[in-house]
Amino acid sequence: MHHRTLGGLKHDHVFGQDRELGAERRVRWVVVITAVVMVVEVVAGVAFGSMALLADGIHMATHALALGLAAAAYWITRRRAGDERFSFGTGKINALAGFTSALILLAVAFGMVWESVARWLDPVEIAYSQAIFVAVIGLLVNGASMLLLGDHDHDHDHDHDHHHHHDDDDHDHDHGAEDTNRRAAYVHVLTDALTSVLAIAALAAGWMAGAAWLDPLVAVLGAVLIARWAVGLIKTTSGVLLDLQAPEALRARVRDAIMSDRDAEVADLHLWSIGVGRYAAEIMVIAADPLAPETYKERLADLPQIVHVGVEVHRCAGDH
């Protein structure tokens with residue numbers, strides 16, 4: 001078939017993934033901030049002998065790597081958005097980066113436990129006042145980074161042509177599916193903030209009560225929380241990578257829209273995420289008086305998050 005006969009049926013699979021999202025710019029800023037504070041805390045942790053502070057700096061090093069990975073994922077997603085080798089665009093690079101970041105978090109948690117046990121068995125003298133001062137600075141920086149990476153209500157992608165075109169608005173809208181790459185970056189910064197808080201608490205208690213053993217203990221407690229967050233991220237991102245079905249609420253809306261004429265019946269529905277706030281759908285419809293596939297597609301006009309739709313239509317056998 002010659003391309004000139006395809007008319008309006010030929011389309012791309014970019015789905016707006018070639019645009020820079022607001023989250024991408026914020027992640028780049030946080031990468032720079034994290035890298036600077038990382039250097040300060042590692043140097044201070046070694047100089048002042050604080051395991052909690054050194055752990056905070058080491059965690060920042062791994063988080064700087066993970067945040068850099070998040071920034072790279074956004075960039076690759078944009079640069080390769082038009083690459084036809086990606087069947088449904090480059091949206092899943094986002095989830096892949098989030099999954100990798102979750103694995104890094106698990107490694108961070110394991111490292112915290114390992115180093116804390118070693119420090120517990122072989123304690124060193126701690127310069128409490130200096131260590132607390134640097135930990136507070138780290139906490140303030142982490143707080144600022146969390147504000148940068150937190151949910152922003154104005155980050156919306158006002159796409160109303162629901163099949164293959166998007167307007168020029170440069171914001172992203174989840175439409176029920178989260179940006180797992182941004183979430184992973186946020187969790188990394190959150191873990192930094194947590195370890196800073198725990199370091200301050202342990203150092204203060206150890207300074208006043210002479211309980212140096214609190215320093216490695218709180219690092220272990222922090223590791224447990226970080227591991228829990230990492231597991232949650234792995235579940236979310238792996239679901240996207242393995243093409244798990246979309247949430248039931250969205251699937252129900254698709255079925256209701258297709259069957260709105262009381263004749264059509266959805267015999268089979270596959271609805272899965274192909275990017276942040278973007279889904280693909282394959283639908284089998286059975287009807288007594290079948291309509292053209294495009295007619296059923298038009299019934300999904302109120303679901304702009306579904307950007308790629310395939311409809312297979314069959315006439316039902318016997319009485320409907």
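Just so it is clear, the structure is predicted and the values come from calculations on it, not from any experiment. (Residues numbered from 1 in each chain as written. Predicted model: local features only at pLDDT ≥ 70, side-chain atom pairs only at ≥ 80, totals over all residues. Heavy atoms only, no water.)

## Overview of the overall build of the chain
Here is step 1 of the chain: Looking only at helices and strands, the chain features 8 helices and 3 strands.
Here is step 2 of the chain: Mapped from its N terminus to its C terminus, the chain presents α and β elements in the order α-α-α-α-α-α-α-β-β-α-β.
Here is step 3 of the chain: Considering the chain as a whole, with its 320 residues, one finds that 48% of them fall into the buried category.
Here is step 4 of the chain: For the chain, contacts bridging at least 24 residues in sequence account for 77% of all contacts bridging at least 6.
Here is step 5 of the chain: Surface summary for the chain: the accessible area is close to 15700 Å², and the carbon and sulfur share equals 63%. (Helix = DSSP H or I, 4+ residues; strand = E, 2+ residues; numbered from the N terminus. Buried < 20%, exposed > 50% of the residue type's maximum accessible area, 1.4 Å probe, protein only. Contact = heavy atoms within 4.5 Å. Areas by Shrake-Rupley, 256 points an atom, 1.4 Å probe, with all protein chains shown as cover.)

## Quick word on the nonpolar core
Here is step 1 of the chain: Residues Val-254, Ile-258, Leu-271, Ile-283, Leu-300 and Ile-306 are the most contacted members of the largest nonpolar core, which totals 20 residues.
Here is step 2 of the chain: At the level of elements, α7 (248-258), β1 (265-275), β2 (278-287) and β3 (306-315) are the ones that each hand at least two residues to this core.
Here is step 3 of the chain: Broken down by element, the residue count for this core peaks at 5 residues, all from β2.
Here is step 4 of the chain: Judged by nonpolar contacts, the second largest core, of 14 residues, contains Ala-109, Met-112, Ala-184 and Val-187. (Core = buried A, V, L, I, M, F, W, Y, C linked by side-chain atoms within 4.5 Å.)

## Let's talk about the pairing of β3
Within a regular beta strand, the side chains point alternately toward one face of the sheet and then the other, so they alternate between its two faces.
Here is step 1 of the chain: The pairing of β2 with β3 spans 9 bridges and is parallel. Looking across to β3, one finds that Ile-283 is bridged to Val-311.
Here is step 2 of the chain: Considered for its hand, the β-α-β crossover made up of β2, helix α8 (residues 293-298) and β3 is right-handed. (Pairing = 2+ DSSP bridges. Right-handed = clockwise from strand over helix to strand, strands pointing away.)

## Here we look at α7
Here is step 1 of the chain: If you check which residues of α7 are buried, you get Leu-250, Arg-251, Val-254, Ala-257 and Ile-258. Around the axis of α7, the buried residues are gathered within 125° of arc, so they sit on the same side. Opposite the buried face of α7, at more than 90 degrees from it, the exposed residues are Ala-249 and Asp-256. (Arc of directions from axis to C-beta.)

## Comments concerning the packing of helix α3 (residues 92-121) against helix α6 (residues 214-241)
Here is step 1 of the chain: At their nearest, the axes of α3 and α6 sit 8 Å apart, and the two run at 160° to each other. With respect to α6, the axis of α3 lies roughly antiparallel. In this structure, α3 meets α6 at a crossing whose hand is left-handed.
Here is step 2 of the chain: Partitioning the contact of α3 with α6 into residue classes produces 23 nonpolar, 5 polar and 1 charged. (Axes fitted to C-alpha atoms, helices over the stretch in contact; angles between N-to-C directions. Parallel < 35°, antiparallel > 145°, perpendicular 65-115°, else oblique. Left-handed = near helix turned anticlockwise from the far one by under 90°. Nonpolar A, V, L, I, M, F, W, Y, C, P; charged D, E, K, R; others polar.)

## Some words on the side chain of Thr-34
Here is step 1 of the chain: Tracing the backbone through its elements, the reader meets Thr-34 in helix α1 (residues 22-48).
Here is step 2 of the chain: With near-sequence residues (within four places) excluded, Thr-34 lies in contact with Met-60, Ala-64, Leu-67 and Asp-192.

## Here we look at the environment of Leu-300
Here is step 1 of the chain: For Leu-300, the position within the fold is in the loop between α8 and β3.
Here is step 2 of the chain: Distance in space between the C-alpha atoms of Leu-300 and Asp-256 is 9.7 Å, their sequence separation being 44 residues.

## Topic: the sheet that holds β1
Here is step 1 of the chain: What the 3 strands build is an open sheet, ordered β1-β2-β3; its pairing is mixed. The two strands at the open ends of the sheet, each matched to only one other strand, are β1 and β3. Within this sheet the neighbouring strands show an average axis-to-axis angle of 10°, counted without direction.
Here is step 2 of the chain: Here β1 runs beside β2; their pairing, made up of 9 bridges, is antiparallel. Note that in β2 the partner of Gly-275 across the bridge is Arg-278.

## Things to note about the confidence of the model for the chain
Here is step 1 of the chain: For the chain, mean pLDDT is 77; residues scoring 70 or higher make up 79% of the total.
Here is step 2 of the chain: Taking the mean pLDDT of every element in the chain, the minimum, 77, falls on helix α2 (residues 51-79) and the maximum, 94, on α7.
Here is step 3 of the chain: A low-confidence stretch, residues 1-8 stays under pLDDT 50, and its non-local contacts, those more than four residues away or across chains, total 2 contacts.
Here is step 4 of the chain: Across residues 153-176, confidence stays below pLDDT 50; counting only partners more than four residues off in sequence or on other chains, it has 73 contacts. (pLDDT = per-residue confidence, 0-100.)

## Focus: the packing of α3 against helix α5 (residues 180-209)
Here is step 1 of the chain: Contact geometry of α3 with α5 gives a least axis separation of 7 Å together with a crossing angle of 20°. Judged by the inter-axis angle, α3 sits roughly parallel to α5. As α3 runs across α5, the sense of the crossing is left-handed. Residue-level contacts link Asn-94, Ala-95, Ala-97, Gly-98, Ser-101, Ile-104, Leu-105 and Met-112 of α3 to Thr-180, Asn-181, Ala-184, Val-187, His-188, Thr-191 and Thr-195 of α5.
Here is step 2 of the chain: Residues belonging to the contact of α3 with α5 are distributed by class as follows: 7 nonpolar, 8 polar and no charged.

## Some thoughts on unusual backbone geometry
Trans is the prevailing form of peptide bonds, just as negative phi is the prevailing case for residues other than glycine.
Here is step 1 of the chain: Phi at Asp-243 is positive, roughly 60°, even though this residue is not glycine.
Here is step 2 of the chain: Looking at the secondary structure, you find Asp-243 in the loop between α6 and α7.
Here is step 3 of the chain: With a relative accessible area of 39%, Asp-243 lands in the partly exposed category.
Here is step 4 of the chain: At Arg-262, a position not held by glycine, the phi torsion is positive, near 65°.
Here is step 5 of the chain: With respect to the element layout, Arg-262 can be found in the loop between α7 and β1.

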